[in-house]
Amino acid sequence: MDFRPVGFILGFLILALAGAMGVPALLSLQAGDGEWFGFLASLGTAIFLAGILILSQRPERIELSRRQAVLLTCLAWSILPLMGSLPLLWSDLGLSPADAVFESVSGLTTTGSTVLSGLDEMAPSLLLWRSMLQWLGGIGIIAMGIAILPFLRVGGMQIFRMESSDRSDKVVPRANDFAKLLISVYLGLSLLCAVTYAAAGMNGFEAINHAMTTISTGGYSTSDGSVGHFQQPLIQWLGTLFMLAGALPFVLYIQMLRGRPYLLYRDSQVRTLVAFLLGVTLLLAFWLVFAQGVGLLDSLRLAAFNVTSVVTTTGYATDDYTLWGPFAVVAFYFLIFVGGCSGSTAGGFKIYRLQVLAQLFSISEKRMITPHGVFFARFGGKPIDEEIMHSVASFMMLFVSTIAALAMALGLMGLDFQTAFSGAATAVANVGPGIGPVIGPAGNFASLPDAAKWLLSLGMIMGRLEVLTLAILVMPEFWRQ
């Protein structure tokens, strides 16, 4: 394998991250919070490493093969979090390497788990950097899901291409034009979210930070109380709306800009996700009304926000839903796994995979009733490729196995079942908070041993890489000609 294109592109990715460090460095100088030196030192380190990679790995032409694309993806999501952790490691927070890397991995993978507390009094530059990590990670996730993962038949965008109209294989003819449209949509949604948050009662700094972590479905906040810190109901309803917006396929937004808005409401992923959120929200709202004695409007708002937050893997919280009663706790356990649409910033199992599995189950039932019948799995009214069905089944096996293995490893470190299992699930599904008093919506991951944080960081990266991508990388066949 020719590693030069991989190293060359990786160098530019590190350089872009270094450029982003300049923004909180300037804020630190302006605010006088004393963190500017850590940012400048991190920026210099990143530029030095990027320069080595760019100058020493300059290829004759940039053209990635499938193997090079997979290797670049895995290296980028492993090295960039290390670079992103440097401002946190060299800050006045006194974080250990495990804590700094955990926070950075959680940010760039848009997981939202945190080891930090005292956010309300934290340096503004560090709060901005955490939000920027999630915002940059969000756009990176969309690009990876659309451009690279379809090679492996696991990213889900091949489903979109199959379901949509005849010209859907190429949304726009040139990759550069597509990238510009994608960035424009992402930036436009972020700006719209920030403006509406500010209009609803947040100050400018809070609105910008929460807009970045909402559209990226990341969930970092500027307060220990998360979005629950803001008592205005409108802010929570707006958060629900924009979390859902971040969990929809961004290709569909581009299609809307190109005069095809009907694709958004025709898409079976979108319809299924919205129907699922409505159903679970109403169920938990009625549970809060009749079992917990909460008012109807408050129940709808609490249920809608927290259900959307968990299903879209954002990880915000307005209330400690582990105190809603046993039924609600069990419901949120399962909601951790669902996820949003493919081609979005959301993590989890993904809606389209659940739809494919439902089709497989339906066919199995029909064949039991009519053994000689011929049945076809369909998605959006069109037949599903058999290779896609096999990849979904393989992904499900690896997804569940990874969570089980990670949970057992955490159990060996002394973590109780609830913390170990929900921690493993929330890491691989890139959700954020787990279940229980330790890592639940009212807690954080600071008290976990460093070894557990390293393991959970690996789990977050594996979840963001859709598990199969990393599994392919370690197979001997991958490295053979």
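Cut-offs and rules
- Residues numbered from 1 in each chain as written.
- Predicted model: local features only at pLDDT ≥ 70, side-chain atom pairs only at ≥ 80, totals over all residues.
- Heavy atoms only, no water.
- Salt bridge = Lys/Arg side-chain N within 4 Å of Asp/Glu carboxyl O.
- Helix = DSSP H or I, 4+ residues; strand = E, 2+ residues; numbered from the N terminus.
- Buried < 20%, exposed > 50% of the residue type's maximum accessible area, 1.4 Å probe, protein only.
- Core = buried A, V, L, I, M, F, W, Y, C linked by side-chain atoms within 4.5 Å.
- Contact = heavy atoms within 4.5 Å.
- Phe/Tyr/Trp six-rings, centres within 6.5 Å; stacked < 30°, edge-to-face > 60°.
- Lys NZ or Arg CZ within 6 Å of the ring centre and 35° of its normal.

Enquirer: I'd like to hear about the pattern of salt bridges, residue by residue, with values.
Expert: A full pass over the atoms with the stated rule returns six salt bridges. A salt bridge links R301 to D298, with the shortest nitrogen-to-oxygen separation between them at 2.8 Å. Of this pair, R301 and D298 both sit in helix α13 (residues 296–311), three residues apart, roughly one helical turn. Of the residues examined, R301 reaches a relative accessible area of 14% and is grouped as buried.

Enquirer: Explain the nonpolar core residue by residue, including any values.
Expert: Grouped together as the largest cluster of nonpolar side chains are 131 residues, with contacts concentrated most on W129, L273 and F332. For this core, the element with the highest residue contribution is helix α3 (residues 66–89), accounting for 10 residues. If we ignore the near neighbours within four places in the chain, the residues touching L273 are L244, A247, L248, V311, G339, G340, C341 and I351. The next biggest cluster of nonpolar side chains, apart from the first, holds nine residues, and it includes Y352, I363, A377 and F379.

Enquirer: Kindly report on the environment of F327, identifying the contributing residues and their values.
Expert: Relative to the helices and strands, F327 is located in helix α14 (residues 326–335). Note on F327: relative accessible area 35%, which makes it partly exposed. Separated by 121 residues in the primary sequence, F327 and L448 place their C-alpha atoms 27 Å from one another.

Enquirer: Lay out the packing of aromatic side chains with the relevant residues and their values.
Expert: For the structure on display, the rule yields 19 aromatic pairs. Taking the centre distance of 6.0 Å and the plane angle of 85 degrees together, the rings of W36 and F37 count as edge-to-face. Linked through ring pairs, W135, Y186, F250 and Y253 together constitute an aromatic cluster. The ring centre of Y220 lies 3.9 Å from the NZ or CZ of R130, which sits over that ring. The ring centre of F395 lies 3.6 Å from the NZ or CZ of R353, which sits over that ring.

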